[in-house]
Amino acid sequence: MSDLEAWRAKAAEWLVSVAPTFGRDARKGLSEADDLALGRRYQKAKFDAGYAGINWPTEYGGQGLGHLEKVTFDAEEMKHGFPNFYFGISLGMPVPVLMQFGSDKEFVKERVLKALQGEEIWCQLFSEPSGGSDLAGLRTKAEPDGNGWKINGQKVWTSWAHYSDYGVIVVRTDPTVAKHKGLTYFWVDMKAPGVTVRPIKLAGGDSHVNEVFFDDVKITDDHRMSPVGGGFAVAIATLMIERYVATDSAGFGPHLDLFVELAKDVQLNGRPAIEDGRIRQQIARNHAMRAGLDSINVRARLMMQAGMIPGPEGSLNKLVAVRSRQKLSELALDLQGGDAFLFDEHASQKEDWASSWINAPTGRIAGGSDETLLNTIAEKVLGLPQDHRPDKGIPFNQIPA
Amino acid sequence: MTILYDEGQQAIATESRRVLEARVGKDALLPLLETVGEYHRPFWDTAKEQGWTALALPEADGGLGLGLIELGLIAHQAGRGISGAPFLTSSFGAAKAIELFGSDAQKARWLPGLASGETIGAIAFAAGPDALPRQPDATVAGDSLDGTVRGVSAGLAADVAIVFANGPGTPVLALADLANARRAAVPSFDNSRLIADLDLSGLPAETLAVGSAARDAALRILALQAVVTAHEQTGGAEALMEIARDYALTRKAFGQPIGAFQSVKHRIAELYGLVELARANCIHAAAREGAADFITAAAAARLSATEAYDTAARDCIQIHGGIGVTWEIGLHLHMRRARSLAIEQGSSLFWEDVLVDQLAGEAA
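Residues numbered from 1 in each chain as written. Chains lettered and ligands numbered in written order. Predicted model: local features only at pLDDT ≥ 70, side-chain atom pairs only at ≥ 80, totals over all residues.

### Overview of the overall build of chain A
Then, number 1: When helices and strands are counted, chain A shows 13 helices and nine strands.
Then, number 2: Here the C-alpha radius of gyration of chain A, 23 Å, is about what a compact globule of 401 residues would show, namely 21 Å.
Then, number 3: For chain A, the spread of C-alpha atoms along the principal axes amounts to about 75 × 50 × 45 Å.
Then, number 4: Here chain A holds 401 residues, and the buried ones make up 40% of them.
Then, number 5: Within chain A, residue pairs in contact and separated by at least 24 positions form 69% of the contacts whose partners lie at least 6 positions apart. (Helix = DSSP H or I, 4+ residues; strand = E, 2+ residues; numbered from the N terminus. Rg over C-alpha atoms; globule rule 2.2 N^0.38 Å. Buried ≥ 20, exposed ≤ 12 C-beta atoms within 10 Å, placed from the backbone. Contact = placed C-beta atoms within 7 Å.)

Structure follows, in structure tokens:
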């Protein structure tokens, strides 16, 4: 057994041991407040057991291991339905970027340790009402104010802002230069005067994302994490941190086995639906697609293990898996017929076809829309030209609204 | 478990690509489309000279003792360059049937020639759309065969065929020496595949397997061939994606390269996705030879590779506009090959059923 396999086995054993306390079954029927409280205890248990901050430096409370161990752990963890999603963004991007770019090391260390133990949560204040994919077009501004800055504007789609203690934010500090060049990166206290958080109820019924308003929010200059005008580079660095995350060829929807079981159970034209050619074709096509993604993911892991950088084909997972999950979920509801109408808006997207279906559009938009991902593949992998950009090189305040 | 190619395997890919790019081109392939009964001899001479015919056969039988992974790498390159003959797959299938299910005498009689490439093999299983029919067109009565198997790739040149036939109340996998077979050339849209209707009547039948064992054996041979073909399809799809990309970078319309239009660049990015899924499935399937889930892996590779090659042929021509449909540019060579490879060894309809039977735990 390789070292990694031994490590995986040990991690898997620990996860199984805590699953009754924190896993899928323990969460059934909990209010969101109770679920979050359980999540904080789970995060603390992970920290105590040595599975928090797996690939982070030990000086910040991490384990000092590699991406490979992190991805390996995540893949095992995913099996049990733990309440860890409250910390996914926090520990995925803002806190690592704070470690990298925060100036006051003692303050950073204190924050990181609290975040790793589930005591504090960080959010990422990037998207705005005027644009999500076009990040550099953001309008929230910070103006000099005494020795510090004053922030005004609005962010949106901010995951877990309503539970967050702190956030990282990109704002415009100079509207007279081209849009990428007038941005600066700060951290903010989400409890500061002038910060207002309003949850947004999404189509599926849940409210994980928020609008965040900034009205004359004053911060000192030591909140700054980039040079003035150098915020875009740190924003991109933030988005690149978790390039090799644990992926799911089911597109974070149900496993194909569940569809096969459904097709065996349901009668169509007087025989099991599994015998119907239309159903068979979709099963076969979905299996072939998912098997391809699985093979890509395994090879990426083998490459990391061999000290190589995985190929760009890893970027296909979200694009391919989520949109096919959307269609397969529709077909599963077709198969259920009238029985499909019974709807539980809190059901797991990994186990319930209606929940998977109604939340699938979010998956195709959040964290890089299908269209943005296709552009990225076309431009970065295949070397095709950028789209025509009428705002290129024009000072931000002269771009036609 | 899938694999990363090692240095030796990467060298096989690089070297075979170099040789094929030097020796196979559309100028030689285009005239073959209008000639019935001819294949691109320099391609096959190259395959023999480079040892590709022997690659995946056991050393004891005149082979080189490598496997599907290595043969797949060659097939991928052959697909990129639109190989000039179907024998890499058809002879491999026949040889594997003899290696796995033949007697020592049959192995001694046929395998050295198949390994050297001097002997050509063919697989004659299909009836219409069914790659493994419940009622095969060939029958075995006593020691001899009867019936005609239609649309057999390599059938015009084959010296030996593996036949899936109706025995007395049970299927039979049989070996047929084709020296005295009557064959009718089928003029096709891809003539260098050497498609023939094989009239087997009166040929001696040498039995390889009987009953459900015959069916299992035939499916295993089809799956082995399907993995080779899937590599070939993936190579073709990859080449078309690159051709489309290169054209979109140079061809201009409305003052910019057409690759700057999302309707074009997204189409090519989608091809990238199809090619990479097919490649990943091919690598996985080749590495699963001999494992319990080999049929499942082969079916997945075959389905994704067929989709990739057909789609790439469609879209690459579409991106070229008018020039794409001319004879001279030769994109139709890929379009034709995408279809002939989609049909040989069973179409997607066949492999979808095979795959679902495996996943649902039902007998085929």
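### As for the overall build of chain B
Then, number 1: Helix and strand counts for chain B stand at eleven helices and eleven strands.
Then, number 2: A burial count over chain B gives 58% of its 364 residues as buried.
Then, number 3: Residue pairs at least 24 apart in sequence account for 74% of intrachain contacts in chain B once pairs closer than 6 positions are excluded.

### Some remarks on the environment of Trp122(A)
Residues and elements named next belong to chain A.
Then, number 1: Take Trp122: it is sitting in strand 1 (residues 122-125).
Then, number 2: Residues Trp122 and Ser90 lie 32 residues apart in sequence; the distance between their C-alpha atoms is 4.5 Å.
Then, number 3: Excluding anything up to four places from it in sequence, Trp122 contacts Ser90, Pro94, Val95, Ala115, Ser164, Tyr166, Gly167 and Val168.

### Focus: the packing of helix 10 (residues 277-305) of chain A against helix 11 (residues 348-359) of chain B
In a packed pair of helices, the relevant descriptors are the angle between the two axes and the axis-to-axis distance.
Then, number 1: As a packed pair, helix 10 of chain A and helix 11 of chain B sit with axes 9 Å apart at the nearest point and diverge in direction by 85 degrees. One way to sum up the angle between helix 10 of chain A and helix 11 of chain B is to call them roughly perpendicular. Seen from helix 10 of chain A, the contacting residues are Arg280(A), Gln281(A), Ile283(A), Ala284(A) and His287(A); seen from helix 11 of chain B, they are Glu352(B), Asp353(B), Leu355(B), Val356(B) and Leu359(B).
Then, number 2: The residue inventory of the contact of helix 10 of chain A with helix 11 of chain B, partitioned by class, reads five nonpolar, two polar and three charged. (Axes fitted to C-alpha atoms, helices over the stretch in contact; angles between N-to-C directions. Parallel < 35°, antiparallel > 145°, perpendicular 65-115°, else oblique. Nonpolar A, V, L, I, M, F, W, Y, C, P; charged D, E, K, R; others polar.)

### Focus: helix 12 (residues 353-365) of chain A
Residues and elements named next belong to chain A.
Then, number 1: Between its first and last C-alpha, helix 12 extends 19 Å over 13 residues, near the 18 Å set by a 1.5 Å rise per residue.
Then, number 2: The complete set of buried residues in helix 12 reads Trp353, Ala354, Ser355, Ser356, Trp357, Ile358, Asn359, Ala360 and Gly363.
Then, number 3: Immediately beyond the C-terminal end of helix 12, within one or two residues, lies Gly367, with a positive phi of roughly 65 degrees. (Expected span 1.5 Å × (residues − 1).)

### Notes on the interface of chain A and chain B
Then, number 1: Taken together, the contact between chain A and chain B spans 35 residues of the former and 33 residues of the latter.
Then, number 2: Listed by contribution, the elements that provide at least two residues to the side of chain A that touches chain B are helix 9 (256-265), helix 10, helix 11 (316-336) and helix 13 (370-381) of chain A.
Then, number 3: If you tally residues by element for the side of chain A that touches chain B, the top one is helix 10 of chain A, at 17 residues.

### Regarding the nonpolar core
Note on soluble globular proteins: their nonpolar side chains tend to be buried together.
Then, number 1: Ala124(B), Val163(B), Leu173(B), Ala174(B), Ala176(B), Val227(B) and Ile268(B) are the most contacted members of the largest nonpolar core, which totals 167 residues.
Then, number 2: Per-element accounting of this core gives the leading share, 20 residues, to helix 7 (residues 212-250) of chain B.
Then, number 3: By size, the runner-up hydrophobic cluster in this structure holds 50 residues, among which are Ile121(A), Ala142(A), Tyr163(A) and Leu183(A). (Core = buried A, V, L, I, M, F, W, Y, C linked by C-beta atoms within 7 Å.)

### Some remarks on the environment of Leu382(A)
Then, number 1: For Leu382(A), the location among the structural elements is in the segment after helix 13.
Then, number 2: On the neighbour-count criterion, Leu382(A) (21 C-beta atoms within 10 Å) is buried.
Then, number 3: Along the chain, Leu382(A) and His255(A) lie 127 residues apart, while their C-alpha atoms are 31 Å from each other.
Then, number 4: Contact partners of Leu382(A), with chain neighbours within four places excluded, come to Ile377(A), Arg245(B), Ile268(B), Ala269(B) and Tyr272(B).

### Looking at the sheet that holds strand 8 (residues 196-199) of chain B
To summarise the sheet geometry, strands pair through backbone hydrogen bonds and adopt either a parallel or an antiparallel arrangement.
Residues and elements named next belong to chain B.
Then, number 1: Pairing is antiparallel across the open sheet formed by three strands, whose spatial order is 4-8-7. Lying at the two open borders of the sheet, with one neighbouring strand each, are strand 4 (148-152) and strand 7 (182-185). Going across the sheet, the axis of each strand differs from the next one's by a mean of 20 degrees, ignoring polarity.
Then, number 2: Relative to strand 8, strand 4 is paired through three bridges, and the arrangement is antiparallel. Opposite Val152, over in strand 8, you have Ala196 as the bridge partner. (Pairing = 2+ DSSP bridges.)

### Observations regarding unusual backbone geometry
Then, number 1: Backbone geometry places Asn269(A), a non-glycine residue, at a positive phi of 55 degrees.
Then, number 2: As for its position among the elements, Asn269(A) is in the loop between strand 8 (267-268) and strand 9 (271-272).
Then, number 3: Asn269(A) sits in the exposed class, given 8 other C-beta atoms within 10 Å.
Then, number 4: You will see that Leu194(B), though not glycine, has its phi angle at about 55 degrees, which is positive.
Then, number 5: As for its position among the elements, Leu194(B) is in the loop between strand 7 and strand 8.
Then, number 6: You can call Leu194(B) buried: it has 27 C-beta atoms within 10 Å.

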